[in-house]
Amino acid sequence: MKYVPKETTDEDLIQQYLDKGGKVSKGKTKPMAYDMGISKNTWGNKLSKEEKIAKKIK
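First things first, this report covers the structure right here in the doc. Keep in mind the model is a prediction, meaning the values are calculated, not measured.

1. Quick look at the overall build of the chain
In terms of helices and strands, the chain carries 2 helices and 0 strands. The 58 residues of the chain split such that 5% are buried. Of the roughly 6,400 Å² of accessible surface on the chain, 56% is carried by carbon and sulfur atoms.

Here you go:
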């Protein structure tokens, strides 16, 4: 298979966007909720009552 480079790359597209008057900015984020899980198995699941109590004791 022959490799043919694309005419437009990400950098070219970004530059075209900026040339047309586009603006790149960093958005604000909210802090993560206290009772949210952070491990892979529980990502996005809220902690149970027992887990909340154990976390407070630490």
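2. Some points on a nonpolar patch on the surface
Together, I14, Y17, L18 and V24 make up a nonpolar patch on the protein surface, roughly 390 Å² of accessible area in all. Here I14 lies in helix 1 (residues 10–19).

Each value, and the rule that gives it
- Residues numbered from 1 in each chain as written.
- Predicted model: local features only at pLDDT ≥ 70, side-chain atom pairs only at ≥ 80, totals over all residues.
- Heavy atoms only, no water.
- Helix = DSSP H or I, 4+ residues; strand = E, 2+ residues; numbered from the N terminus.
- Buried < 20%, exposed > 50% of the residue type's maximum accessible area, 1.4 Å probe, protein only.
- Areas by Shrake-Rupley, 256 points an atom, 1.4 Å probe, with all protein chains shown as cover.
- Patch = residues over 30% accessible without salt bridge, like charges linked within 9 Å, V, L, I, M, F, W, Y side chains within 5 Å.
- Salt bridge = Lys/Arg side-chain N within 4 Å of Asp/Glu carboxyl O.

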